[in-house]
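For reference, the chains in residue letters:
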Amino acid sequence: MEISIEVNNVVCSFSVRCHLNLRNIAMTGANVEYKRENAMVNMKLRKPYTTASIWSSGKITVTGATSEPDSRIAARKFSRILQRLGYKIRLANWRVVNVLATCKMPFPIRIAQFSEAHRGIASYEPELHPGVTYRIKDLKATLKIFSTGSITVTAPSVANVEAAVHQIFPLVFEHKMIVSSTTNLAKCQELDVHDHLSVVSKRKRKQSAVLETRHSRDSSPSSDSDAGSFNSEQSVD
């Protein structure tokens, strides 16, 4: 059974080993946003589509890449842009800080039973979050498991993400939700019974309404005739 893992965001950080003038970068650079309150500059690239957060100390964080090679290419491109602005750049200490990925299990999961079976590791608070939080200390990975079968994984690297998915699969497989044709048939039968009862109740209401109207029509002439006979008797006397 193959499970496809989709990497949504790779965050990396590196240093250029020189002091950066943020105001100068904001005035002379392209696709730059100067955030004075945070003492940082945001710079964007189109390919790969990434965003760099630049500090005056020379530390840079790159977000938005969908793979580790793209993240490294983006770091080199940002360094080249700063070098063209007149700074003596030396790229150093490049590393992947965080990876966010998602995957979809081919079956729904009974997350309440799963959280009870792994009470020491998994935490489930449906009032705050609809998923189960499961942590793997060896891989430094955090997984958000939902009843639909979708899992969100956060780990320090893509390799850790893949290892976390391989490790969690047999655990959630034990608590998969079996959806068979019989359950669908039972649901359909319940809906049919409900519809039948509603139709019967509507027919009974219509019949009672018709009987009430007939009764009122039958009772009204008799009362008029009685009143007429009573008046005739009074006139004879």
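Residues numbered from 1 in each chain as written. Predicted model: local features only at pLDDT ≥ 70, side-chain atom pairs only at ≥ 80, totals over all residues. Heavy atoms only, no water.

## Structural notes on the sheet that holds strand E5 (residues 59-65)
- Ordered by their spatial adjacency, 10 strands build an open sheet running E2-E3-E4-E5-E1-E6-E10-E9-E8-E7, and the pairing between neighbours is antiparallel. Looking at which strands have only one partner, the edges of the open sheet turn out to be strand E2 (32-35) and strand E7 (122-124). Taking each pair of neighbouring strands and ignoring which way they run, the sheet shows an average axis angle of 15 degrees.
- Across 4 bridges, the pairing between E2 and strand E3 (residues 40-45) is antiparallel. Bridging from a neighbouring strand, valine 32 pairs with methionine 43 of E3.
- Packing against the sheet, helix H2 (residues 68-84) makes contact with strand E1 (5-15), E3, strand E4 (50-54), E5 and strand E6 (92-104), and its axis sits at approximately 115 degrees to E3.
- Along the sheet face, helix H4 (residues 158-173) touches E1, E6, strand E8 (132-136), strand E9 (141-145) and strand E10 (150-155) and points at about 140 degrees away from the line of E10. (Pairing = 2+ DSSP bridges. Helix = DSSP H or I, 4+ residues; strand = E, 2+ residues; numbered from the N terminus. Axes fitted to C-alpha atoms, helices over the stretch in contact; angles between N-to-C directions. Contact = heavy atoms within 4.5 Å.)

## So, the nonpolar core
- One finds Phe114, Tyr134, Leu143, Ile145 and Ile168 to be the most contacted residues of the largest nonpolar core, which totals 30 residues.
- Listing elements by their share of this core, those giving two or more residues are E1, E6, helix H3 (111-117), E8, E9, E10 and H4.
- Top element by residues in this core is H4. It accounts for 7 residues.
- Ignoring any residue separated from it by four or fewer positions in sequence, one finds phenylalanine 114 in contact with Ala122, Val132, Tyr134, Ile145, Ile168, Leu171, Val172 and His175.
- Counting residues in hydrophobic clusters, the runner-up holds 20 residues, among them Ile25, Ile54, Ala74 and Ala75. (Core = buried A, V, L, I, M, F, W, Y, C linked by side-chain atoms within 4.5 Å. Buried < 20%, exposed > 50% of the residue type's maximum accessible area, 1.4 Å probe, protein only.)

## Things to note about H4
- Between its first and last C-alpha, H4 extends 23 Å over 16 residues, near the 22 Å set by a 1.5 Å rise per residue.
- Every buried residue of H4 is listed here: Val158, Val161, Ala164, Val165, Ile168, Leu171 and Val172. (Expected span 1.5 Å × (residues − 1).)

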